[in-house]
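# Remarks on the overall topology
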Amino acid sequence: MSTPAATFRAKTNFMKTWRPQSPPSIDPADCCFSRLMTLFCCTALHFAIECNTNNNNNNNNVKNRDRLELYALHKQAVSGDAPTKNDSPDASVADKAKLSAWRSKRGLSQSDAMQQYVNECDRQIRVYGTRDAGETNGGASMEAGNASREGTGSAPQTPFTNAATPQNTPANLNDEDDNNVLLCPRGLAAIPLLCAAASESRTAYLARLQVTAPNNGWWAKQEPLCLEMNNPLSFPEKLIIGLAEQVEKVSLLVGNFLGDGHAVSTVSPRVVQAFLWPVHNIFLALWILWILTSTYLGSVAIMSQTLLFGAKRTNTPLGRVFLEEINPSARAVETLCEQHQTIGVRLTGLVLMPLMMLCDFSNSVVNQAGILAGSLFFVLMGLLTWWYWICVLPWLAMCGVSVAVMSGWCFGLIELSGN
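Residues numbered from 1 in each chain as written. Predicted model: local features only at pLDDT ≥ 70, side-chain atom pairs only at ≥ 80, totals over all residues. Heavy atoms only, no water.

### Description of the overall build of the chain
- Each helix and strand in the chain was counted, giving 16 helices and zero strands.
- Out of the 419 residues in the chain, the part that is buried amounts to 46%.
- For the chain, restricting intrachain contacts to residue pairs at least 6 apart in sequence, the fraction spanning at least 24 positions comes to 80%.
- Accessible area of the chain: about 20,700 Å², with a carbon and sulfur share of 60%. (Helix = DSSP H or I, 4+ residues; strand = E, 2+ residues; numbered from the N terminus. Buried < 20%, exposed > 50% of the residue type's maximum accessible area, 1.4 Å probe, protein only. Contact = heavy atoms within 4.5 Å. Areas by Shrake-Rupley, 256 points an atom, 1.4 Å probe, with all protein chains shown as cover.)

### Concerning the packing of aromatic side chains
- The tally for this structure, following the rule as stated, stands at 11 aromatic pairs.
- A centroid spacing of 5.0 Å and a plane angle of 90° characterise the contact between W277 and F411, whose relative ring orientation is edge-to-face. Of this pair, W277 sits in helix 10 (residues 269–309) while F411 sits in helix 16 (residues 386–417), and the two are 134 residues apart along the sequence.
- One residue, K75, lies across the ring of W102, its end atom 4.7 Å from the ring centre. (Phe/Tyr/Trp six-rings, centres within 6.5 Å; stacked < 30°, edge-to-face > 60°. Lys NZ or Arg CZ within 6 Å of the ring centre and 35° of its normal.)

### Considering helix 8 (residues 202–210)
- Listed as buried for helix 8 are R202, Y205, L206, R208 and L209. Buried residues along helix 8 cover an arc of 160° about the axis, so they all sit on one side. Exposed residues on helix 8 whose side chains face more than 90 degrees from its buried face are T203 and Q210. (Arc of directions from axis to C-beta.)

### With respect to the pattern of salt bridges
- Considering all chains together, one arrives at nine salt bridges under this definition.
- The salt bridge partner of R208 is E248, with a shortest N-O separation of 3.9 Å. Residue R208 is found in helix 8, and its partner E248 is found in helix 9 (residues 235–258); the two are separated by 40 residues along the sequence.
- The network of salt bridges with shared partners includes E200, R208 and E248. (Salt bridge = Lys/Arg side-chain N within 4 Å of Asp/Glu carboxyl O.)

### Observations regarding the packing of helix 10 against helix 16
- At a minimum axis distance of 7 Å, the contact between helix 10 and helix 16 shows a crossing angle of 160°. Here helix 16 runs roughly antiparallel to helix 10, going by the angle between their axes. Classified by chirality, the crossing of helix 16 by helix 10 is right-handed.
- When the residues that make up the contact of helix 10 with helix 16 are grouped by side-chain class, the tally is 21 nonpolar, five polar and two charged. (Axes fitted to C-alpha atoms, helices over the stretch in contact; angles between N-to-C directions. Parallel < 35°, antiparallel > 145°, perpendicular 65-115°, else oblique. Left-handed = near helix turned anticlockwise from the far one by under 90°. Nonpolar A, V, L, I, M, F, W, Y, C, P; charged D, E, K, R; others polar.)

### So, the nonpolar core
- Counting residues in each nonpolar core, the largest one holds 51 residues, and the members touching the most others are I191, W287, L292 and L352.
- Of the residues forming this core, the biggest block, 15 residues, is contributed by helix 10.
- Grouped together as the second largest cluster of nonpolar side chains are 16 residues, A5, M15, W18 and A77 included. (Core = buried A, V, L, I, M, F, W, Y, C linked by side-chain atoms within 4.5 Å.)

### Here's the deal with a nonpolar patch on the surface
- Together, L297, W386, W387 and I390 line one region of the surface with nonpolar side chains, adding up to about 430 Å² of accessible area.
- Top element by residues in the nonpolar patch is helix 16. It accounts for three residues.
- Accessibility expressed as a relative area gives 51% for I390, which makes it exposed. (Patch = residues over 30% accessible without salt bridge, like charges linked within 9 Å, V, L, I, M, F, W, Y side chains within 5 Å.)

### Considerations on the side chain of T212
- Its location among the elements puts T212 in the loop between helix 8 and helix 9.
- In terms of polar contacts, T212 uses its side chain to reach the backbone carbonyl oxygen of R208, at 2.6 Å.
- Residues contacting T212, with those up to four places away along its chain left out, are G217 and L252. (Polar contact = N/O pair within 3.5 Å; in protein donor to acceptor, adjacent residues only side chain to side chain.)

### So, the environment of I191
- Along the chain, the position of I191 falls in helix 7 (residues 186–198).
- Sequence spacing of I191 and W287 is 96 residues, and the spatial spacing of their C-alpha atoms is 9.0 Å.

### As for helix 13 (residues 343–351)
- Those residues of helix 13 that sit buried are V345, T348 and G349. Summarising the axial view, the buried residues of helix 13 lie within an arc of 100°, below the 170-degree limit, and thus occupy one face. Opposite the buried face of helix 13, by more than 90 degrees, sit the exposed residues I343 and L350.
- Looking at the buried residues of helix 13, the elements they touch are helix 7, helix 10, helix 12 (318–336) and helix 14 (353–369).

### Quick word on the confidence of the model for the chain
- Scored by pLDDT, the chain has a mean of 75; 70% of the residues are at 70 or more.
- Low confidence marks residues 23–60, where pLDDT is under 50. Its contacts with residues over four positions away, or in another chain, come to 99 contacts.
- Taken as a whole, residues 260–265 scores under 50 in pLDDT and shows eight contacts with residues more than four places along the chain or in a different chain. (pLDDT = per-residue confidence, 0-100.)

### Considerations on the environment of L383
- Examined against the element boundaries, L383 turns out to sit in helix 15 (residues 371–384).
- Between the C-alpha atom of L383 and that of A301, which follows or precedes it by 82 residues, the distance is 10.0 Å.

What follows is the structure, encoded as structure tokens:
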């Protein structure tokens, strides 16, 4: 029987030669809410990254949040806990993302990290598929695959000999392919998963609450995505998460008071939970709204500093702001307005259309007159439209909460009539 270390070694060797199919296949298990939320909790909270470049690297088929997950698990298995010292001020965004992902595994034993790494490898192979042997170095890939299945290999018995993380999950903090990856803030990268959470039907929501412990709610596991927890400016995001956590806690605890075997049982817990379902969804929409708004305002602030003090002092070139924040923000708003999104998400995209227009107009100015003129235009429009972001959007958010509460009565009555 193979040892965990031998299985880990064999899986590492296999991942060095593994190349995913194009396009990646879809695992039905990943379509359910719980799987999406598991991935979100494990990776998106730690600077999830979307790969958005066109090159000939076969690794492009694997989303970078998955690559980061494997990277973090492998580093934890090989090296233990990540260092706690502050990041180097000269570190790139990619370096900080990798280190943040590694730190997210702090406290996980090396043996558990090895097992989780193997499990995550199997999941990604199942999701993305494997290219035919003729398309890659077939012999090496097949041999590694056999070693992975059999748990054997020719490596020495020392667990971590030659245990560099495979190229599919960049091991070193100075990988050469980092420049080929377009990075975006972790909040923007989490928006697709928040949209997937908002698409949960009322039936699926009620079914999930029935199997969720009161102290194990999804909202209770969340933390601010845009800023660090100790940053005072993260208060609005923490307020959204905190209020949503209390709503979810009420939904989970209501069964203890209205369920079978209790004094008060004339009303099914599902009635109250159905009433709170639109409130749960509106908080997801508000979180998306805050992520995009704070990213936009942050872009205006950092771009203003760069224009005033220069890129060397702020360590943030103007072009980098466009690539990593402005362009992804515009595309995220466009995604919110797609037809398959829920009504709450689409309304969020509608109120954020001015953001997409400003970003697109700024890009047009960049193409016509250069990066400096485009940056000046972006900052100027941000200053001129301050009233919309500071006054109008909070008012619209309050209106959204009011509508969610009123519609909750309708869903509660629908559930009551079905009992």
